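An overview of the molecular structure
The lines below spell out each chain.
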Amino acid sequence: MAERERDARGKPLNARPRDGLGRPLARGGTGTPRVPEDLRLPPDAAIVEAQRFLDANMPFHAHEVLEGVWKSGPAEERPLWQGLAQLAVGLTHLLRGNRIGAGSLIRQGHDRLVGFESEPPHHLDVVGLLTWSEGLLDDLETGTLPIAPGIPALRAVD
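Heads up: these notes are all about the structure in this document.

Analysis parameters
Along every chain, residues carry numbers that run from 1 in the direction the sequence is written. Only residues with pLDDT of 70 or above have their local features reported here, since the model is predicted, and side-chain atom pairs are shown and tallied only from 80 upward, although totals for entire chains, interfaces and linings are computed over all residues. Values reported for side chains reflect all heavy atoms of the structure, with hydrogen atoms and water molecules removed beforehand. A run of DSSP states H or I qualifies as a helix once it reaches four residues; a run of E qualifies as a strand once it reaches two. Both are numbered from the N-terminal end. For each residue, the accessible area found with a 1.4 Å probe, counting protein chains only, is set against the maximum for its type, and the residue is called buried under 20%, exposed over 50%, and partly exposed in between. By definition in these notes, contact holds between two residues if any of their heavy atoms fall within 4.5 Å. Each reported salt bridge corresponds to a side-chain nitrogen of Lys or Arg within 4 Å of a carboxyl oxygen of Asp or Glu.

**Here's the deal with the side chain of Gln 82**
Positionally, Gln 82 belongs in helix H3 (residues 78-96). We classify Gln 82 as buried; its relative accessible area is 17%. Each residue touching Gln 82, except ones within four places of it in the same chain, is listed here: Trp 70 and Arg 112.

**Considerations on the pattern of salt bridges**
Counted under the stated rule, the structure contains 4 salt bridges. The partner of Arg 155 in a salt bridge is Asp 44, with the nearest N and O atoms 2.6 Å apart. A residue pair is termed long-range when its members are at least 10 positions apart, and Arg 155 in the segment after helix H5 (126-141) and Asp 44 in helix H1 (residues 43-55) qualify at 111 residues. By relative accessible area, Asp 44 is classed as partly exposed at 42%. A salt bridge links Asp 111 to Arg 107; the nearest nitrogen and oxygen atoms lie 3.4 Å apart. You can see Asp 111 and its partner Arg 107 sitting in helix H4 (residues 99-113), 4 residues apart, about one turn around the helix. Residue classification places Asp 111 among the partly exposed residues on the basis of a relative accessible area of 42%.

**Quick notes on the environment of Thr 92**
Tracing the chain through its elements places Thr 92 in helix H3. Since its relative accessible area comes to 0%, Thr 92 is described here as buried. Note: C-alpha distance between Thr 92 and Met 58 (34 residues apart in sequence) is 7.7 Å. Ignoring any residue separated from it by four or fewer positions in sequence, one finds Thr 92 in contact with Leu 21, Pro 59 and Phe 60.

In structure tokens:
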């Protein structure tokens, strides 16, 4: 068996290519470009980049962008960014056909956004994201996968 790739500190890496939904592909295959693990964008740039990935049907990549802000942002906003990242990875699970995982992550993400509706930072459309996630959760409770989950808009379209 081949030795697993590791970074300079010995932390295991997964250098395998991945598809647009973040699923590992065979070694040596061609996948989509990955988001660097150490990517830390300012909030406004992260929102734009995450929306670009969502619009391209790549919510796993959006999750990784949002996760960077969650882990590096101000403490008072961490639940918001964690919730956004969980919505994106929940959508990833939904598109992969994992109804149970999708429901759990979308519920957690939804619940973390509650409380940010009245004065959402960075012009985020928290009310719209809560409505979107509630619709998906209602669909998932029927025991089936939604046919078209839609693309969440992180900011309201003017």
